[in-house]
Amino acid sequence: MTITVDRDTGTGVAVVTLDRPARHNALTLAMARQLADAWRRFRYEDDVRAIVVTGAGERAFCTGVDRASVAELPQPASPFTIDDPLLAIGPKSNDLWKPVIAAVEGMACGGAFYLLGEADFLIAGEGAEFFDPHTTYGMVSAYESILMAQRMPYGEVARMALMGTAERISAARAHTIGLVSELTVRGGALAAARQAAATIAAYPTEAVQGTVRALWSAREPTRTTALAHAPHLIALGNLPPERQAGLFARRAKSEQGERGEKAEKGEKGEKAEVRLR
């Protein structure tokens, strides 16, 4: 299984876990379908009154779509349409109005924002990092930027989207700008999210779901209008797949070289240097 669901009928809380830690919980097409199915099933499960979504391990919440899966999804030639495998992985896109809390540890980037953008609030461990790699690899950050622009100040999301892999937003900075509502010790996000979800699940469910729907309605008109432009922007602005692949290969080779240099200096295991703020 690559998506696991743990239900606690005592508290009314379910935990949805992206479970590919060896691949930084990157999403496959099968996982996208599993997420959509899980959100839709929750609509009929009265015993589940609040949900936490998280990633397995502490290295990453999710690093977006697995590039091997992208190759499985051919795109139409028209610049007016695009098949995006992640469009339906969020709870709101599946008409679920039960509260969803994201518990973030480690990296959260790119396609992870489809989930974070539809969570009601985020709790993060102090080692969490947020970044958007699209521009680095010749891709338009459209859906991701639109979703995060509704969670972050404009300048912050613009900088994150445009700086690509060169810069990451630290958990502390994410908390300061309001992207993260609670900052915990490293590894503590899931427990804190479970506790918050249990508190909410104890309240009358109609009032809770009505509040979730009301909050979302304040953002929905702008979001819907903006998302209508996304397919065209992606079709017009993305480099051809073969040129994107070249950029990925070039960066992977560069990172291997950097790791080799660090190993020679006795610094094995350190990450390629990026600016963290």
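Remember, predicted model here, so these are calculated numbers, not experimental data.

Conventions we followed
- Residues numbered from 1 in each chain as written.
- Predicted model: local features only at pLDDT ≥ 70, side-chain atom pairs only at ≥ 80, totals over all residues.
- Heavy atoms only, no water.
- Helix = DSSP H or I, 4+ residues; strand = E, 2+ residues; numbered from the N terminus.
- Polar contact = N/O pair within 3.5 Å; in protein donor to acceptor, adjacent residues only side chain to side chain.
- Contact = heavy atoms within 4.5 Å.
- Core = buried A, V, L, I, M, F, W, Y, C linked by side-chain atoms within 4.5 Å.
- Buried < 20%, exposed > 50% of the residue type's maximum accessible area, 1.4 Å probe, protein only.
- Pairing = 2+ DSSP bridges.
- Axes fitted to C-alpha atoms, helices over the stretch in contact; angles between N-to-C directions.
- Disulfide = S-S within 2.5 Å.
- Phe/Tyr/Trp six-rings, centres within 6.5 Å; stacked < 30°, edge-to-face > 60°.
- Lys NZ or Arg CZ within 6 Å of the ring centre and 35° of its normal.
- Salt bridge = Lys/Arg side-chain N within 4 Å of Asp/Glu carboxyl O.

Undergrad: When you look at the side chain of Ser145 in this model, what are you seeing that I'm missing?
TA: Within the element layout of this structure, Ser145 appears in helix H4 (residues 143–149). There is a polar contact of 2.7 Å between the side chain of Ser145 and the side chain of Ser141. Once residues within four sequence positions are removed from consideration, Ser145 is found in contact with Asp132, Val157 and Ala161.

Undergrad: Honestly, the nonpolar core in this entry has me stumped. Any pointers?
TA: In this structure, Trp39 and Phe130 are the most contacted members of the largest nonpolar core, which totals 51 residues. At six residues, helix H1 (residues 29–42) tops the list of elements feeding residues into this core. Discounting residues that sit within four places of it in the chain, Trp39 has contacts with Val16, Ile51, Val53, Ile89, Gly90, Pro91, Asn94, Leu96, Val100 and Leu115. Counting 15 residues, the second largest nonpolar core, distinct from the first, contains Val13, Ala50, Ile200 and Val208.

Undergrad: Explain the sheet that holds strand E3 (residues 50–55) here, please?
TA: Hydrogen bonds between backbone atoms are what pair the strands of a sheet, whose relative direction is either parallel or antiparallel. In space, the six strands of this open sheet follow the order E1-E2-E3-E5-E7-E10, with mixed pairing throughout. Either end of the sheet is taken by a strand with one partner, and the two such strands are strand E1 (3–8) and strand E10 (182–184). For this sheet the average axis-to-axis angle between neighbouring strands, irrespective of direction, equals 20 degrees. For E3 and strand E5 (residues 100–104), the ladder comprises four bridges, and the chain directions are parallel. Each bridged residue has a counterpart across the sheet, and for Ile51 the counterpart in E5 is Val100.

Undergrad: Would you mind going over the state of the cysteines with me for this structure?
TA: Think of a disulfide as a covalent bridge from one cysteine sulfur atom to another cysteine sulfur atom. Summed over all chains, the structure comprises zero disulfides. Cys109 supplies the cysteine sulfur nearest to Cys62, a cysteine that is in no disulfide, at a spacing of 7.3 Å. Its relative accessible area of 4% is what places Cys109 among the buried residues.

Undergrad: Hey, could you run me through the environment of Arg213 in this one?
TA: One can find Arg213 in helix H8 (residues 205–237). Residue class for Arg213 comes out partly exposed when judged on its relative accessible area of 31%. Spatially, the C-alpha atoms of Arg213 and Lys98 are 8.8 Å apart, while their sequence positions differ by 115 residues. Residues within four places of Arg213 in sequence aside, it is in contact with Trp97 and Glu220.

Undergrad: Help me understand the packing of aromatic side chains in this model?
TA: A complete count under the given rule lists two aromatic pairs for this structure. Centre to centre, the rings of Trp39 and Phe42 are 6.1 Å apart; their planes meet at 55 degrees, and the pair counts as tilted. On the criterion of helical spacing, the pair formed by Trp39 and Phe42 is a turn pair, its members being three residues apart in helix H1. When its relative accessible area of 0% is taken as the criterion, Trp39 is described as buried. Between Tyr114 and Tyr143, the aromatic rings sit 6.1 Å apart at their centres with planes inclined by 40 degrees, giving tilted as the arrangement. One end of the pair, Tyr114, is in helix H3 (residues 112–116); the other, Tyr143, is in helix H4, and 29 residues separate them in sequence. Neither Tyr114 nor Tyr143 differs from the other in exposure class; each is buried. Sitting over the face of the ring of Phe131, Arg168 holds its NZ or CZ atom 4.2 Å from the ring centroid. The ring centre of Trp97 lies 4.1 Å from the NZ or CZ of Arg213, which sits over that ring.

Undergrad: Looking at this structure, I do not really get the pattern of salt bridges. What am I missing?
TA: Two side chains bearing opposite charge may form a pair once their charged atoms approach each other closely. Applying the stated rule across the entire model yields 14 salt bridges. Across the pair Glu167 and Arg277 runs a salt bridge whose closest N-O atoms are separated by 2.5 Å. Of the two residues, Glu167 is situated in strand E9 (residues 167–170) and Arg277 in the segment after strand E11 (275–276); the sequence distance between them amounts to 110 residues. Here the two residues Glu167 and Arg277 agree in accessibility, since each one is buried. Each of Glu156, Arg159, Glu167, Arg173, Arg275 and Arg277 takes part in a single network of salt bridges with overlapping partners.

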